[in-house]
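Structural overview
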Amino acid sequence: MNKIKVVTKSPSETIELGKKLGRYADKGKIIFLEGNLGAGKTTLVKGISEYYQCTQIAKSPTFILITTYTGKINVNHCDFFRLNYSEEIFDLALEEYLENGNLIIEWPEIAKKYLPEPDLKINIEFDGITQKREIIIHSNAKIEV
Ligand code: ADP
Ligand code: MG
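Description of the structure in this document. Just so we're clear, the structure is a prediction, and the values are computed from it rather than from any experiment. (Residues numbered from 1 in each chain as written. Chains lettered and ligands numbered in written order. Predicted model: local features only at pLDDT ≥ 70, side-chain atom pairs only at ≥ 80, totals over all residues. Heavy atoms only, no water.)

Formed by 24 residues in total, the largest nonpolar core has its most connected members in Leu21, Ile122 and Ile137. Broken down by secondary-structure element, the contributors of at least two residues to this core are α1 (11-21), β2 (30-34), α2 (41-51), β6 (120-126) and β7 (133-139). For Ile137, the contacting residues outside a window of four places in its chain are Asn2, Lys3, Ile4, Val6, Leu21, Leu120, Lys121, Ile122 and Ile143. In terms of nonpolar packing, the next biggest core, distinct from the first, is built from 15 residues, Leu83, Ile89, Leu94 and Leu115 among them. (Core = buried A, V, L, I, M, F, W, Y, C linked by side-chain atoms within 4.5 Å. Buried < 20%, exposed > 50% of the residue type's maximum accessible area, 1.4 Å probe, protein only. Helix = DSSP H or I, 4+ residues; strand = E, 2+ residues; numbered from the N terminus. Contact = heavy atoms within 4.5 Å.)

Given below as structure tokens:
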């Protein structure tokens, strides 16, 4: 696995990073986003959905586990924070989403035993005080941002 680290200092820098990572999140790709609440996972998804020129703005889904933003591809944004038990993901038919889009998963930890290895695994670290975010990107392919 390749590993790179990027530090951002504002939400807009994280969105910019998401735009640069967009090309690695094409149709059929699976992306895991890890990091505590408020780390910036959803902010990063905003950048990826901008890259694919999706019209809707990415936000944290409240009651639904998966939201599709349509653009050049479907950006399928999952948030498993509210899963009660990991088997709930079987009802989502996740593989079908990969035909026309990617799958970007916040809180993949919760259902990890039923998920395949991701193409990208992104971990966002923050101190809970400042706007600094350390974003560690693991990938099978070599990536440049
Ligand atoms: P998560 O999805 O990980 O819970 P969000 O992206 O919804 O996190 O929220 C991140 C919060 O942190 C937002 O309020 C955003 O404005 C703020 N923030 C501050 N600095 C940054 C940064 N460098 N990158 C991303 N978000 C940041
Ligand atoms: Mg979120």
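To continue, consider the pairing of β7. Extensive coverage of β7 is indicated by the burial of 6 of its 7 residues. Direction of pairing for strand β1 (residues 2-8) relative to β7: antiparallel, over a ladder of 7 bridges. When the sheet's bridge partners are listed, Asn2 is paired in β7 with Ser139. As judged from the 7 bridges shared by β6 and β7, these two strands associate in the antiparallel manner. Paired with Phe126 across the bridge in β7 is Arg133. Between β6 and β7, which pair antiparallel and follow one another directly, the connecting turn spans 6 residues, one of which, Gly128, has a positive phi of 80°. (Pairing = 2+ DSSP bridges.)

A metal bound by six donors in octahedral fashion has ideal angles of 90 or 180 degrees, whereas one bound by four tetrahedral donors has an ideal angle of 109.5 degrees. The protein atoms that coordinate the magnesium ion (ligand 2) are Thr42 (OG1) and Glu106 (OE), at distances spanning 2.1 to 2.2 Å. In this pair, Thr42 sits in helix α2 while Glu106 sits in strand β5 (residues 101-106), placing the two residues 64 residues apart along the sequence. Taking relative accessible area as the criterion, Thr42 reaches 13% and is therefore assigned buried. (Donors = N, O, S within 2.8 Å, 3.2 Å for Na, K, Ca; no water.)

The next thing to look at is α2. Residues spaced three or four apart along an α-helix point in a common direction, a consequence of the helix completing one turn every 3.6 residues. For α2, a buried count of 8 out of 11 residues is recorded, marking the element as mostly surrounded by other parts of the structure. Residues of α2 that are buried include every one of Lys41, Thr42, Thr43, Leu44, Val45, Gly47, Ile48 and Ser49, and no others. In this fold, the buried residues of α2 make contact with α1, β2, β3 (66-70), β4 (74-79), β5 and β6.

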